[in-house]
Protein chains: 2
Amino acid sequence: MGHGLGEIALALGATIGDHTTHTKGKFGVLLEHALGAAGGSGAVHDFPELGVELKTIPVDTRGKPAESTYVCTLHLLSAEALVWETSWVKQKLSRVLFVSVDAEPADWRERLVRGVHYWEPDAEAWATLRADFEEAVGLVTTGRIEALNARLGQVLQVRPKAKDGKKTLLVPDAEGTLIATVPRGFYLRPAFTTEILQRYR
Amino acid sequence: MGHGLGEIALALGATIGDHTTHTKGKFGVLLEHALGAAGGSGAVHDFPELGVELKTIPVDTRGKPAESTYVCTLHLLSAEALVWETSWVKQKLSRVLFVSVDAEPADWRERLVRGVHYWEPDAEAWATLRADFEEAVGLVTTGRIEALNARLGQVLQVRPKAKDGKKTLLVPDAEGTLIATVPRGFYLRPAFTTEILQRYR
DNA sequence: CAGGATCCAATTGTGGATCCGG
DNA sequence: CCGGATCCACAATTGGATCCTG
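Keep in mind it's a predicted model, so treat the numbers as computed, not measured. (Residues numbered from 1 in each chain as written. Chains lettered and ligands numbered in written order. Predicted model: local features only at pLDDT ≥ 70, side-chain atom pairs only at ≥ 80, totals over all residues. Heavy atoms only, no water.)

Draft legend 1. Spotlight on the overall build of chain A. Summing up its helical and strand segments, chain A has 5 helices and 8 strands in all. Listing the helices and strands of chain A from first to last along the sequence gives α-α-β-β-α-β-β-α-β-β-β-β-α. For 201 residues, the compact-globule estimate of 2.2 N^0.38 gives 17 Å, and chain A sits close to it at 18 Å. Burial analysis of chain A (201 residues in total) assigns 42% to the buried set. In chain A, once contacts between residues fewer than 6 apart in sequence are set aside, the share between residues at least 24 apart is 61%. (Helix = DSSP H or I, 4+ residues; strand = E, 2+ residues; numbered from the N terminus. Rg over C-alpha atoms; globule rule 2.2 N^0.38 Å. Buried < 20%, exposed > 50% of the residue type's maximum accessible area, 1.4 Å probe, protein only. Contact = heavy atoms within 4.5 Å.)

Shown next as structure tokens:
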């Protein structure tokens, strides 16, 4: 907390380069290393023994996130992934450690870690998340995936996640005809993460 | 309810002209006549015997107001007007009859009256309104009127109300020097009137 | 390709300016 | 000038697109 990203990178011997932009997911990976998380793509949790997910979340000077937070990919091929109880969304959001980091300044080395927020959804949050999840997945399983867009969902939304918006996925539409569609992911809306960062120290 | 503005204007023998724009406050006046309100500038209430204020509020196709709602002028010269208990804001908002009207279509004659909503603020609404009022008036009475802008106020805000933004009013600043400033009015934010229209039939 | 996220053009929201009638 | 409100340019938000690493 209060440590600069440059300092952390130095201590780890990590290299990031000077670019102010195109750094995208690099800080997330950096902090995973810094905190000794498992890393690696397939792992369900960053800290498998604890079942805890680590999220790096950039905030403005008032501690507020400007952007939505990625949760996981929407997997269309696995039946389990489309059922709330066994879904990846539910597993990942059960226990989350949010580490908030400055979105500014341009020189990323001077950005400071602003806070650490351990969150477990309360009953109300679970209900809203579940409703959002089931609304989105409902469209998929009834073949109406083209009606699925980022306007749905109070707190959890679904957005495209593919280079050039390329439709690289085949799914059946309402008539059972296979159509090409774009890969998508689940995201938490900024208004929701703002409230989490405020309410959970 | 469900009556068109053209129909109402015809029944009253009122003339409004064909313009789609520059009609601004004309419908408010039209509906005051239609409902037999007192009219005339000085009157505190539209229905003096009932102490009820009439507000015409344009809504989109989902019944939601796009604009803020004018309450009254911020009078800087009257001590009574600057005290919540005796203020015009409090008097006017005690009992309000909102008449919602289509904001569309371009031909105003086809716009329909969408609903009638009788509102008296509950305890929570009163507390918020009072806090917003006292924050704004506090700036005025301590000579910091130039710090007063439309960003203040959860539900009740203060905005300029003058042709060409002309500073035609003299008020003392923090040092007691008279400075020119713009006339202002109190307005209800759209998020607040949206909730009122939903909760009060 | 999945996981780490941010970028940015387009849409939405709204603060300050403006319009009309009496 | 006051009461009836709306207009609209610019700020804030965000949906869809994109970028990098292992």
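What follows continues from the structure just given.
Draft legend 2. Summary view of the pattern of salt bridges. Residues and elements named next belong to chain B. Per the counting criterion, the structure on display carries 20 salt bridges over all chains. Two residues, Glu 53 and Lys 92, come together in a salt bridge whose shortest N-O distance is 3.8 Å. In this pair, Glu 53 is assigned in strand β1 (residues 53-59) and Lys 92 in helix α3 (residues 88-93), connecting sequence segments 39 residues apart. According to the relative accessible area criterion, Glu 53 is buried, its value standing at 4%. (Salt bridge = Lys/Arg side-chain N within 4 Å of Asp/Glu carboxyl O.)

Draft legend 3. Representation of the sheet that holds strand β2 (residues 69-73) of chain A within the structure. Residue and element names in this part refer to chain A. If you walk across this open sheet you meet the 3 strands as β2-β8-β5, and the pairing is antiparallel. A strand with exactly one partner marks an edge of an open sheet, and here the two such strands are β2 and β5 (156-160). Looking at each pair of strands side by side, their axes are set apart by 35° on average, direction ignored. Against the sheet, helix α4 (residues 123-141) contacts β5 and β8 (184-188), and its axis sits at roughly 35° relative to β5. (Pairing = 2+ DSSP bridges. Axes fitted to C-alpha atoms, helices over the stretch in contact; angles between N-to-C directions.)

Draft legend 4. The packing of aromatic side chains, seen in detail. All names here are of chain A. Summed over all chains, the structure comprises 14 aromatic pairs over all chains. Feature note: the residues Trp 84, Trp 126, Phe 133 and Phe 186 constitute an aromatic cluster, connected by ring pairs. Here Arg 159 stacks its cationic end above the ring of Tyr 187, 4.5 Å away from the centre of that ring. (Phe/Tyr/Trp six-rings, centres within 6.5 Å; stacked < 30°, edge-to-face > 60°. Lys NZ or Arg CZ within 6 Å of the ring centre and 35° of its normal.)

Draft legend 5. Layout of the protein's contact with DNA strand D. Taken together, 37 residues surround DNA strand D, and among them Gln 157, Arg 159, Ala 162 and Asp 164 of chain A together with Pro 58 of chain B come closest. Each atom of DNA strand D within 4 Å of the protein was classed as base or backbone; sugar and phosphate made up 56%. One of the side-chain N or O atoms of Arg 189 of chain A is found 2.9 Å from a phosphate oxygen in DNA strand D. Here Thr 73 of chain B contributes a side-chain N or O atom positioned 3.0 Å from a phosphate oxygen of DNA strand D. Elements with a contribution of two residues or more to the surface near DNA strand D: β5 of chain A together with α2 (26-34), β1, β2 (69-73) and α3 of chain B. Tallying contributions element by element places β1 of chain B first for the surface near DNA strand D, with 4 residues. Of the residues belonging to the surface near DNA strand D, the class tally is 8 nonpolar, 11 polar and 18 charged. (Near = heavy atom within 4 Å. Polar contact = N/O pair within 3.5 Å; in protein donor to acceptor, adjacent residues only side chain to side chain. Nonpolar A, V, L, I, M, F, W, Y, C, P; charged D, E, K, R; others polar.)

Draft legend 6. The protein's contact with DNA strand C, seen in detail. Not every one of the 35 residues close to DNA strand C is listed here, only the nearest: Pro 58 and Trp 88 of chain A together with Arg 159, Ala 162 and Asp 164 of chain B. Put simply, 56% of the atoms of DNA strand C that lie within 4 Å of the protein are in sugar or phosphate. The contact in question runs from a phosphate oxygen of DNA strand C to an N or O atom on the side chain of Arg 189 of chain B, over 3.1 Å. Counting only elements with at least two residues in the surface near DNA strand C, the list comes to α2 (26-34), β1 (53-59), β2 and α3 (88-93) of chain A together with β5 (156-160) of chain B.

Draft legend 7. Spatial organisation of the environment of Val 171 of chain B. Residue and element names in this part refer to chain B. Inspection of the secondary structure assignment puts Val 171 in strand β6 (residues 169-172). What makes Val 171 buried here is its relative accessible area of 6%. Between the C-alpha atoms of Val 171 and Arg 144, which are 27 residues apart in sequence, the distance is 9.9 Å. Filtering out sequence-adjacent residues up to four positions away, Val 171 remains in contact with Leu 76, Ile 145, Thr 177, Leu 178, Ile 179 and Thr 181.

Draft legend 8. View of the pairing of strand β3 (residues 96-102) of chain A. Residue and element names in this part refer to chain A. Most of β3 sits out of view: 7 of its 7 residues are buried. Bridge analysis of β1 against β3 gives 7 bridges, and the strand direction is parallel. Bridge pairing links Pro 58 to Val 101 in β3.

Draft legend 9. The arrangement of the sheet that holds strand β4 (residues 113-119) of chain A in detail. Residues and elements named next belong to chain A. One open sheet accounts for 3 strands, arranged β1-β3-β4; its pairing is mixed. Each edge of the sheet is formed by a strand with only one pairing partner; in this case those strands are β1 and β4. Each strand axis lies, on average, 20° off the axis of its neighbour in the sheet, ignoring direction. Contacts from helix α5 (residues 190-199) reach β1, β3 and β4, with the element oriented near 95° to β3.

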